[in-house]
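Here's the letter readout for the chains.
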Amino acid sequence: MVNSVSANVQNAWAAREARNEDQSVQTPDSLFGSEATEETTNSVTNSTTSSNLSSEQIQDQIETAEKNLENIKKEKEETDEKIAQLQQQATELKEEIDNAIEEAIESANKYTEEQQEKIKNTVDSVMEEYLSGAITKEEMKAKLGTLLGEIDPELPAEITSVLDSIDSKINELQNITSTIAQLQTISECFGKQIENANQRLENLCAQKEEAEKREEEAKKCDPIGFVADGKICDFIIDRNGDGKFNNETEFLGAENNWNEMINLDKLGNNDGVVSAEEMQNAGVKVLVTDVDGTQSIVDVADLGVEEIDLSTYQSVNQQIGSGNEVLGVFGMTINGKQTNDTYNTLDSIDWLDKHYSNMFTDKAEGKGRFATENGLAEKQPGKMNIAPIFDLSDINALRERLQEANNIFVQDAKILDSSMETAQETEAPVVDNAENEEEVEKEKEKELQAK
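Predicted model only: the values in this text are computed from it and were never measured.

1. Here's the deal with the pairing of strand β9 (residues 325-329)
The side chains of a regular strand alternate, residue by residue, between the two faces of the sheet.
Phase 1 of the analysis: Extensive coverage of β9 is indicated by the burial of 5 of its 5 residues.
Phase 2 of the analysis: Strand direction decides the pairing type here: strand β8 (residues 314-319) and β9, joined by 4 bridges, are antiparallel. Paired with Gln 319 across the strands is Glu 325, a residue of β9.
Phase 3 of the analysis: Once β8 ends, the chain turns through 5 residues before running back antiparallel as β9, passing Gly 321 with a positive phi of about 60 degrees.
Phase 4 of the analysis: By the bridge criterion, 3 bridges tie β9 to strand β12 (residues 342-348) in an arrangement that is antiparallel. Residue Val 326 lies in a different strand from β12, and its bridge partner there is Thr 345.

2. Things to note about helix α3 (residues 55-131)
Phase 1 of the analysis: Taking 1.5 Å of rise per residue, the 77 residues of α3 would be expected to cover 114 Å, and the 112 Å separating its terminal C-alpha atoms lies within 8% of that figure.
Phase 2 of the analysis: Two residues or fewer past α3, Gly 133 is found with a positive phi of approximately 85 degrees.

3. A closer look at the environment of Thr 79
Phase 1 of the analysis: Along the chain, the position of Thr 79 falls in helix α3.
Phase 2 of the analysis: The contacts of Thr 79, once residues within four sequence positions are left out, are Leu 183, Ile 186, Ser 187 and Phe 190.

4. Details of helix α8 (residues 349-356)
Phase 1 of the analysis: For α8, the buried fraction is high: 6 of the 8 residues fall into the buried class.
Phase 2 of the analysis: All of the buried residues along α8 are Ile 349, Trp 351, Leu 352, Asp 353, His 355 and Tyr 356.

5. Things to note about the environment of Ile 62
Phase 1 of the analysis: Looking at the secondary structure, you find Ile 62 in helix α3.
Phase 2 of the analysis: Sequence separation between Ile 62 and Cys 205 is 143 residues, and the spatial gap between their C-alpha atoms is 7.3 Å.
Phase 3 of the analysis: Aside from chain neighbours lying at most four places away, what touches Ile 62 is Leu 201, Leu 204, Cys 205 and Lys 208.

6. Notes on the side chain of Glu 325
Phase 1 of the analysis: Along the chain, Glu 325 falls in strand β9.
Phase 2 of the analysis: Among the polar contacts listed, one links the side chain of Glu 325 to the side chain of Asn 317, at a separation of 3.3 Å.

7. Looking at the packing of aromatic side chains
Phase 1 of the analysis: Counting across every chain of the model gives 10 aromatic pairs.
Phase 2 of the analysis: Between the aromatic rings of Trp 13 and Tyr 343, the centroid separation amounts to 4.8 Å while the plane-to-plane angle is 80 degrees, which identifies the pairing as edge-to-face. In this pair, Trp 13 is assigned in helix α1 (residues 7-19) and Tyr 343 in strand β12, connecting sequence segments 330 residues apart. No difference in accessibility class separates Trp 13 from Tyr 343, as the two residues are buried.
Phase 3 of the analysis: Ring centres of Trp 258 and Phe 330 lie 4.8 Å apart, and the angle between their planes is 40 degrees; on these two criteria the pair is classed as tilted.

8. Topic: the sheet that holds strand β4 (residues 273-275)
Phase 1 of the analysis: The 4 strands are arranged β4-β7-β10-β11 in an open sheet whose pairing can be described as antiparallel. The sheet terminates laterally at β4 and β11 (337-339), the two strands that pair on one side only. Put simply, the sheet's adjacent strands are angled 25 degrees from each other on average, direction ignored.
Phase 2 of the analysis: As judged from the 3 bridges shared by β4 and strand β7 (residues 305-309), these two strands associate in the antiparallel manner. Note on β7: the bridge partner recorded for Ser 275 is Glu 307.

9. Some words on unusual backbone geometry
Phase 1 of the analysis: For Asn 270, which is not glycine, the phi torsion reads 55 degrees and is therefore positive.
Phase 2 of the analysis: Inspection of the secondary structure assignment puts Asn 270 in the loop between α6 (259-267) and β4.
Phase 3 of the analysis: Look at Asn 335: it is not a glycine, yet its phi comes out positive at around 55 degrees.
Phase 4 of the analysis: Mapped onto the secondary structure, Asn 335 falls in the loop between β10 (332-334) and β11.

How each quantity is defined
- Residues numbered from 1 in each chain as written.
- Predicted model: local features only at pLDDT ≥ 70, side-chain atom pairs only at ≥ 80, totals over all residues.
- Heavy atoms only, no water.
- Buried < 20%, exposed > 50% of the residue type's maximum accessible area, 1.4 Å probe, protein only.
- Helix = DSSP H or I, 4+ residues; strand = E, 2+ residues; numbered from the N terminus.
- Pairing = 2+ DSSP bridges.
- Expected span 1.5 Å × (residues − 1).
- Contact = heavy atoms within 4.5 Å.
- Polar contact = N/O pair within 3.5 Å; in protein donor to acceptor, adjacent residues only side chain to side chain.
- Phe/Tyr/Trp six-rings, centres within 6.5 Å; stacked < 30°, edge-to-face > 60°.
- Axes fitted to C-alpha atoms, helices over the stretch in contact; angles between N-to-C directions.

What follows is the structure in structure tokens.
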């Protein structure tokens, strides 16, 4: 009955540790010969995805994504601050325009009323002199012309120029409003980028958690093999059928320990013995590490392996070299002889990398955890096409008010012109030797009413 790790296995492990071999990247032999080896050599790639990155590599991406998110947030905050400042500026400018229009209309109306009153008073004064007999008709007309000529019927420049200044301020307000609209579009873009960045961070954190679980599960691997003439012989299996020994997951036992050996028998005749034929049918081969450290992959039959009796498996849980543990041992027949120089070990990933990585095609091709890049490059955002789209309702309302003020100015000017024309066309009432003052007053009253 096998109940301990054989001396030959222990010696083989000690010899390997004495060599202190640290595998460099070489083009590994294929499971299926030189043709596949050439394919391996010509298919080196550095591409990788987040799904096969290490948790450390994903953490680097998380830190980069966090910095990117902070930068976007900062840019959005600065943009929103500019928007708030411009909105305050636009509000104040709009109030200023509204007040200026009101003041201009009031000034124009007041000036028109004052000039009309002045025209009326001038006419009344001159007519009173004429009707009192103080001046003749000719003198009345001359004096009226002189005094009316001193009255300016045009609106003063300080009033009319206000319209031009208001129009300029409306244009300024329109430019501010346009800028606000553009900044709001940019802010919305930043908002979407923040949403995307948060989603990316969430995805990366989930990927990191998955990677940590995967790494935790992969910290240990359970190769099954034997020692023959000082050579360490590990059973391997091409799990994905690509004709390559990709990584440590393709050691027989790496996924389900000794149960994988039992399954080989179940796939065959299920007689409790795993034969060489059952191994070959399942695609099992042997990775041989020679006494000088040279490694190669050979067929089971090349080593004379005949069968493994599953009933001989014994758990031993014995430490052996560099903290590795032999979980169990078993009996097998090789070249017609029984041997117990066998093992089912529990090895760390780092230890397997040290002693087998020159045979891993993943390392030669820069795939999986051997990827040389820190993951996919961040997608560079394109230039944002910001269209000057904004609401013109407020601007149009102000322009309508400005047009209204202009119409009022024009109407006031017409009123003054009409008043001047009426005053200048005033005719003296006909009064021939009036017998009494009552008749004179009646004529004056009629004149005033006609006016």
